[in-house]
Amino acid sequence: MTLTEDDARRRDETDPGHRALFHVPPGIAYFAGNSLGLQPKATVPEILADLGDWARLGVEGHLEGGRPWLPYHELLTEPAARLVGALPTETVVMNSLTVNLHLLMVSFYRPAGERNQILIEDTAFPSDSYAVRSQAAFHNLDPNKTVVRLAGGDDVRKYLAERGDHVALVLLGGVNYLTGELLDIPGITRAGHAAGAIVGWDLAHAAGNVPLRLHDWGVDFAAWCSYKYLNGGPGALAGAFVHERHLGDPSVPRFEGWWSTEPATRFEMAPVSRPPATVDAWQVSNPPIFAMGPVRTSLEIFDRIGMDSLRARSLRLTGYLRELLDEVTPGRPLAVVTPREPERHGSQLSVRIGDGGAGEVTRRLRHEHGVIADEREPDVVRFAPVPLYSTYHDCWRAARALAAVVKEV
Ligand SMILES: Cc1ncc(COP(=O)(O)O)c(C=O)c1O
């Protein structure tokens, strides 16, 4: 490879990132932060502090202790809102991602006559496909006719321009899980609105990866998980966003529970809720406090360092890894398929491995070279250099390992 190991080490000296904040598996070059982020060192002490309140206070921890549980979720609201470019009233951390998508679609997928279609990508994450199909079925519609799968952002715009009056909802991934492509979220949102549709976003691969301005972009709703770039731990709590213009609108239906009502009314035990004019009205149950600590800890890191600074390092690292990968993947059948333009990708680079074999490549990277990437069968291996903790030397190791492995597979 033209770029040397010494060069990688020099880059790490001048652009070191924030690796010391994380537990990094020993000896491993970790590229799976787009699947499960690493554990911040601050996580365990914070969880222990919350557990300690339970031990000391029992039920009184709802109102007393270091972080009383009744308003606990509010501690996450402002940092989560800053992360996705939203107002605090538009942002809540709750449930998990697909659950949030369902709760939001109950409100915002409102098929009416001919306008009943849901647009998704052909490469939508399967959970989203199942979710939208089940939403269509819930409305007694045939998912095979109602759910329209399109190749990508340009096809979505074209469809909206030509058949937009049939579209009730556009639901797309901000960053595609397979290709790593960052879509034009504001542009597609505008195109959806021009066609009279609601536009929602699955930001699983975008939150904590690329800067977002959900409020200014006019996105109707969005949801994201916290276990990828947000380092909240396996199955971590998810986020949800509803644009201000929908808040407090009595014509928007919602599934509710006791956490949907104004906090001050929660213990009035009234038969009818009095929901606030905020996204908190979409909460249903009381939140799992010990699962909130890790997300809070992680959001504090993002708040401290700032998404713009992380994005800048992400582009430097990803640009460097692409240079290396371009050298070891000379084109079909082996090629980086993530778009090259900086505004069209986040931290993930996806390599297509020709005739399948992604699983074998990933296993060898792991077992023979200590490089953890991940595969999406049959033919994609994904590498995500994460600006918080990945190094240039990790990237150099990954490219060298991939060159060695693909020679043999
Ligand atoms: C893009 C995308 N959407 C949805 C999901 C499903 O998430 P959950 O199981 O947290 O609902 C994932 C999980 O990786 C994902 O990557």
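Read on for a plain summary of the structure. (Residues numbered from 1 in each chain as written. Predicted model: local features only at pLDDT ≥ 70, side-chain atom pairs only at ≥ 80, totals over all residues. Heavy atoms only, no water.)

1. What about the overall build of the protein chain?
So, point 1. A count of helices and strands for the protein chain gives 13 helices and 15 strands.
So, point 2. A compact globule built from 409 residues should have a C-alpha radius of gyration of about 22 Å, and the protein chain, at 22 Å, falls within 12% of that.
So, point 3. Oriented by its inertia axes, the alpha-carbon framework of the protein chain measures out at about 70 × 60 × 30 Å.
So, point 4. At a minimum sequence separation of 6, the contacts of the protein chain that also span at least 24 residues come to 70%.
So, point 5. For the protein chain, the computed accessible surface area is about 17100 Å², with 54% contributed by carbon and sulfur atoms. (Helix = DSSP H or I, 4+ residues; strand = E, 2+ residues; numbered from the N terminus. Rg over C-alpha atoms; globule rule 2.2 N^0.38 Å. Contact = heavy atoms within 4.5 Å. Areas by Shrake-Rupley, 256 points an atom, 1.4 Å probe, with all protein chains shown as cover.)

2. Some remarks on the site of the ligand
So, point 1. Close to the ligand lie L97, T98, F125, S127, D128, D202, A204, H205, Y227 and K228, which account for all nearby residues.
So, point 2. At 2.6 Å, a side-chain N or O of Y227 approaches an oxygen atom of the ligand.
So, point 3. One nitrogen or oxygen atom from the side chain of K228 is found 2.9 Å from an oxygen atom belonging to the ligand.
So, point 4. Burial of the ligand by the surrounding chains reaches 81%, relative to a free accessible area of 400 Å².
So, point 5. Classifying every residue of the shell around the ligand gives 4 nonpolar, 3 polar and 3 charged. (Near = heavy atom within 4 Å. Polar contact = N/O pair within 3.5 Å; in protein donor to acceptor, adjacent residues only side chain to side chain. Nonpolar A, V, L, I, M, F, W, Y, C, P; charged D, E, K, R; others polar.)

3. Points about the nonpolar core
So, point 1. Ranked by internal contacts, the top residues of the largest apolar core, which has 59 residues, are L119, V170, W201, L203, L214 and L388.
So, point 2. Every residue in contact with L203, bar those within four places of it in the chain, is listed here: G174, I185, L212, L214, A222, A223 and W224.
So, point 3. Membership of the second largest hydrophobic core comes to 32 residues, among which are L171, A223, V279 and A281. (Core = buried A, V, L, I, M, F, W, Y, C linked by side-chain atoms within 4.5 Å. Buried < 20%, exposed > 50% of the residue type's maximum accessible area, 1.4 Å probe, protein only.)

4. Examining the sheet that holds strand β7 (residues 167-173)
So, point 1. Pairing is mixed in the open sheet, where 7 strands are placed in the order β4-β10-β9-β8-β7-β5-β6. Two strands in the sheet have a free side with no partner beyond their single neighbour: β4 (91-94) and β6 (147-150). Between one strand axis and the next, the sheet turns by 20 degrees as a mean value, whatever way the strands run.
So, point 2. In this structure, β4 lies alongside strand β10 (residues 238-242), joined through 4 bridges in antiparallel fashion. Of the residues in β10, the one forming a bridge with V92 is A240.
So, point 3. The strands that helix α8 (residues 185-194) touches are β7 and β8 (198-202); relative to β8, the one it contacts most, it runs at about 150 degrees. (Pairing = 2+ DSSP bridges. Axes fitted to C-alpha atoms, helices over the stretch in contact; angles between N-to-C directions.)

5. Digging into the packing of aromatic side chains
So, point 1. One pass over the full model with this rule turns up 10 aromatic pairs.
So, point 2. Look at Y30 and Y389: their rings are 6.4 Å apart centre to centre, the planes differ by 55 degrees, and that puts the pair in the tilted class. Highlighted residues: Y30 in strand β2 (residues 29-30) and Y389 in the loop between β15 (380-383) and α13 (392-408), separated in sequence by 359 residues. Accessibility classification places Y30 together with Y389 in one group, the buried group.
So, point 3. Grouped by ring-pair contacts, the aromatic residues F22, Y30 and Y389 constitute a single cluster. (Phe/Tyr/Trp six-rings, centres within 6.5 Å; stacked < 30°, edge-to-face > 60°.)

6. Topic: the environment of H139
So, point 1. Mapped onto the fold, H139 is located in the loop between α5 (126-138) and α6 (143-146).
So, point 2. Taking the relative accessible area as the measure of exposure, H139 reaches 29% and is therefore partly exposed.
So, point 3. Sequence-wise, H139 and D7 are 132 residues apart; in three dimensions their C-alpha atoms are separated by 58 Å.
So, point 4. Residue contacts for H139: discarding those within four places in its chain leaves Y109 and P111.

7. Some remarks on the packing of helix α3 (residues 74-84) against helix α10 (residues 289-305)
So, point 1. Two numbers describe how α3 lies on α10: the axes approach to 9 Å, and their chain directions differ by 45 degrees. When the axes of α3 and α10 are compared, the pair comes out oblique. In terms of crossing hand, the pair formed by α3 and α10 is left-handed. The segment α3 lies against α10, with L75, L76, P79, A80, R82 and L83 engaging M292, V295, R296, L299, F302 and D303.
So, point 2. Looking at side-chain class alone, the contact of α3 with α10 contains 9 nonpolar, no polar and 3 charged residues. (Parallel < 35°, antiparallel > 145°, perpendicular 65-115°, else oblique. Left-handed = near helix turned anticlockwise from the far one by under 90°.)

8. Here we look at a nonpolar patch on the surface
So, point 1. Taken together, V44, L48, L51, W54 and F290 make up a surface patch of nonpolar side chains, about 450 Å² in accessible area.
So, point 2. Residue placement: L51 occurs in helix α2 (residues 43-57).
So, point 3. Classification of L51 by relative accessible area gives partly exposed; the value is 31%. (Patch = residues over 30% accessible without salt bridge, like charges linked within 9 Å, V, L, I, M, F, W, Y side chains within 5 Å. Salt bridge = Lys/Arg side-chain N within 4 Å of Asp/Glu carboxyl O.)

9. With respect to the pairing of β15
So, point 1. Every second residue of β15 is oriented toward a common face, with V380 and R382 on one face and V381 and F383 on the other, all of them buried.
So, point 2. In this sheet, β15 lies alongside strand β12 (residues 349-353) in antiparallel orientation, the contact comprising 4 bridges. Residue pairing for β15: V351 is matched across the bridge by V381.
So, point 3. Here strand β14 (residues 374-376) pairs with β15 via 3 bridges, running antiparallel. When the sheet's bridge partners are listed, E375 is paired in β15 with V381.
So, point 4. The turn linking β14 back onto β15 is made up of 3 residues.

10. Describing the sheet that holds β12
So, point 1. If you trace the 4 strands from one edge of the open sheet to the other, you get β11-β12-β15-β14, paired in antiparallel fashion. If you trace the sheet from one side to the other, it starts and ends with β11 (334-336) and β14, each paired once. Averaged over all pairs of adjacent strands, the angle between their axes in this sheet comes to 25 degrees, without regard to strand direction.
So, point 2. With respect to the sheet, helix α11 (residues 307-328) is in contact with β11, β12 and β15, its orientation differing from that of β12 by roughly 15 degrees.

Such coordinate-based values are descriptive only and should not be taken to indicate function.
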